[in-house]
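Results of the structural survey
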Amino acid sequence: MADMHATARPRSNAARICTILAFVFAVIAIFVAPIIFGLAGLALGIVGAVLGDKPLGWYAAAASVVGAVIGIALVAAILNN
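Just so you know, these numbers come straight off a predicted model, no measurement behind them.

Let's shift gears to unusual backbone geometry. Residues Lys54 and Pro55 are joined by a peptide bond in cis, for which omega reads -5 degrees. Even without being a glycine, Ala33 presents a positive backbone phi close to 45 degrees. Topologically, Ala33 is positioned in the loop between α1 (13-31) and α2 (34-50). On the basis of relative accessible area, Ala33 is assigned to the partly exposed category, the value being 32%.

Now the structure itself:
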């Protein structure tokens, strides 16, 4: 393996699954229950990153937060009309 640090974890299938689910939850958070799916996606993204799917896990966590913010903004815009 090419220059892997002793403390770095190899990426596992569980890490990739958590990361993929985090991205899916980020999209779902825009349209359905932004707080619930945003927090779930954030947690899954962090778990994916910690399990070794870096930096994609961190991107998924950030995307979940952005998806939740967009979802909340859409709900607020719809309810205020």
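There's plenty left to go through after this.
Let us now look at α2. Taking 1.5 Å per residue, 17 residues should reach 24 Å; α2 reaches 24 Å between its end C-alpha atoms and fits that length. Of the positions making up α2, those classed as buried are Pro34, Gly38, Gly41, Leu44, Gly45, Gly48 and Ala49. In a view along the axis of α2, the buried residues occupy a sector of 135 degrees, so they form one face of it. Across α2 from its buried face, at more than 90 degrees, point the exposed residues Ile35, Ile36 and Leu39. Where α2 is buried, its residues meet α1 and α3 (56-79). Note on α2: the residue one or two positions beyond its end, Gly52, has a positive phi of about 120 degrees.

Applying the stated criterion across every chain yields a total of one salt bridge. Taking the shortest distance from any N to any O, the salt bridge between Asp53 and Arg16 comes out at 3.0 Å. Note that Asp53 is positioned in the loop between α2 and α3 and Arg16 in helix α1, a separation of 37 residues in sequence. Asp53 gets classed as buried once you look at its relative accessible area, which sits at 2%.

The rules we used
Residues numbered from 1 in each chain as written. Predicted model: local features only at pLDDT ≥ 70, side-chain atom pairs only at ≥ 80, totals over all residues. Heavy atoms only, no water. Helix = DSSP H or I, 4+ residues; strand = E, 2+ residues; numbered from the N terminus. Buried < 20%, exposed > 50% of the residue type's maximum accessible area, 1.4 Å probe, protein only. Expected span 1.5 Å × (residues − 1). Arc of directions from axis to C-beta. Contact = heavy atoms within 4.5 Å. Salt bridge = Lys/Arg side-chain N within 4 Å of Asp/Glu carboxyl O.

Distances and angles like these do not, on their own, reveal function.
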